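Single-letter residue listing:
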Amino acid sequence: ANDYISTISISYAVEEEPVEPKVYEFDATTLPAENVADKDALAEGTKLADYFTVVGTVTQRVKSGAIYAIEIGKNNSGALEFTVTGKATITISVSSTGKSNTSAFALVDASGNVITEANGLSEVTGTSAITATYTVEAGTYRIVSPESDYNRGYRLMSVVVVDGIE
């Protein structure tokens, strides 16, 4: 009798290399302050940290010859825009424009929908910075000063985006 092998079945698992998240960080204090006066505009389309794009009214805030923040224009007139390719966290450090002032801040998607901050934060009072954190899916987002009764923008000290957290 002849013994034949009619089927050979091989199965194997491919171990996928985990993809490291990409981290994009903007710190206003790293902007060059030479020949920059307080409230000088950042030009539309300027790339910050080779990632964030200036849209509309965004100014540089200078004290003692150094840039300490950028100011996002009030009532959706200015923004930093960026795109994430996967699930991401966005952490921003913001303050209002004066010690007794209150400012509204927001992260919005491409349709203008406000993304809820992790702790429900949407306003900051005074010049001491607070941190706000958002978790989003892939897409294009803008850091804005939404329309509000305060009628003022806010100061943005830094932004950290971690793209591809899962």
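The structure we're discussing is the one just above.
Residues numbered from 1 in each chain as written. Predicted model: local features only at pLDDT ≥ 70, side-chain atom pairs only at ≥ 80, totals over all residues. Heavy atoms only, no water.

### Some words on the overall build of the protein
What counts is decided by this rule: In this text, helices come from DSSP runs of H or I with a minimum length of four residues, and strands from runs of E with a minimum of two, each type numbered from the N-terminal end. Radius of gyration here uses only the C-alpha atoms, and the compact-globule reference equals 2.2 Å multiplied by the residue count raised to the power 0.38. Each residue's exposure class comes from its accessible area (1.4 Å probe, protein chains only) as a fraction of the maximum for that residue type: buried when under 20%, exposed when over 50%, partly exposed otherwise. Surface accessibility follows the Shrake-Rupley procedure with a 1.4 Å probe radius. Residue values consider only the protein chains on display as shielding. Asp and Glu count as negative and Lys and Arg as positive, but His and the ends of the chain are not part of the count. Note on charges: their place is set at NZ of Lys, CZ of Arg, CG of Asp or CD of Glu.
Looking only at helices and strands, one finds zero helices and 15 strands in the protein. The C-alpha radius of gyration computed for the protein amounts to 22 Å, which surpasses the reference 15 Å derived for 166 residues by more than 25%, pointing to a less compact arrangement than a globule. Taking the principal axes of the C-alpha coordinates as reference, the protein spans close to 95 × 35 × 25 Å. A buried classification covers 40% of the 166 residues belonging to the protein. With the model as given, the accessible surface of the protein reaches about 9,700 Å², and the carbon-plus-sulfur share is 46%. Here the protein contributes 11 positive and 22 negative side-chain charges, whose respective centroids are spaced 15 Å apart.

### Some remarks on the pairing of strand β10 (residues 106-109)
This is how the line gets drawn: A strand pair is defined by DSSP finding two or more bridges across the two strands.
In this sheet, strand β14 (residues 139-144) lies alongside β10 in antiparallel orientation, the contact comprising four bridges. By the bridge assignment for β14, A106 is matched with V144. Looking at chain direction, β10 and strand β11 (residues 114-115) are connected through two bridges and run antiparallel. In the strand pairing of β11, L107 is matched with I115. Count of turn residues in the β10/β11 antiparallel hairpin: four residues, of which G112 carries a positive phi of about 90°.

### Brief notes about the pattern of salt bridges
What counts is decided by this rule: One side-chain nitrogen of Lys or Arg within 4 Å of one carboxyl oxygen of Asp or Glu is enough to make a salt bridge.
Under the criterion given, the structure shown has five salt bridges. The partner of R61 in a salt bridge is D38, with the nearest N and O atoms 2.8 Å apart. On the criterion of sequence distance, the pair formed by R61 in strand β5 (residues 58-63) and D38 in the loop between β1 (22-27) and β2 (40-41) is long-range, its members being 23 residues apart. On the basis of relative accessibility, which here comes to 8%, the residue R61 falls in the buried class. Residue classification places D38 among the partly exposed positions, given a relative accessible area of 35%. Salt-bridge contacts for E81 lead to R142; the nearest nitrogen and oxygen are separated by 2.6 Å. Here the residue E81 occupies a position in strand β7 (residues 78-84), and R142 occupies one in strand β14, the gap between them amounting to 61 residues. Given the relative accessible area of 33%, R142 is considered partly exposed.

### Topic: a nonpolar patch on the surface
In plain terms, the rule: Like charges are joined within 9 Å and nonpolar side chains (Val, Leu, Ile, Met, Phe, Trp, Tyr) within 5 Å, but only among residues with over 30% relative accessible area and no salt bridge; these make up the patches.
Taken together, the side chains of I5, I8, I10, Y12 and V14 make up a nonpolar region of the molecular surface, amounting to roughly 700 Å² of accessible area. If you trace the backbone, I5 turns up in the segment before β1. Owing to a relative accessible area of 69%, I5 belongs among the exposed residues under this scheme.

### A short note on the sheet that holds β14
As summarised here, the arrangement of the six strands in space is β3-β4-β7-β14-β10-β11, forming an open sheet in which the pairing is antiparallel. Two strands close off the open sheet at either side, each with one partner strand: β3 (47-48) and β11.

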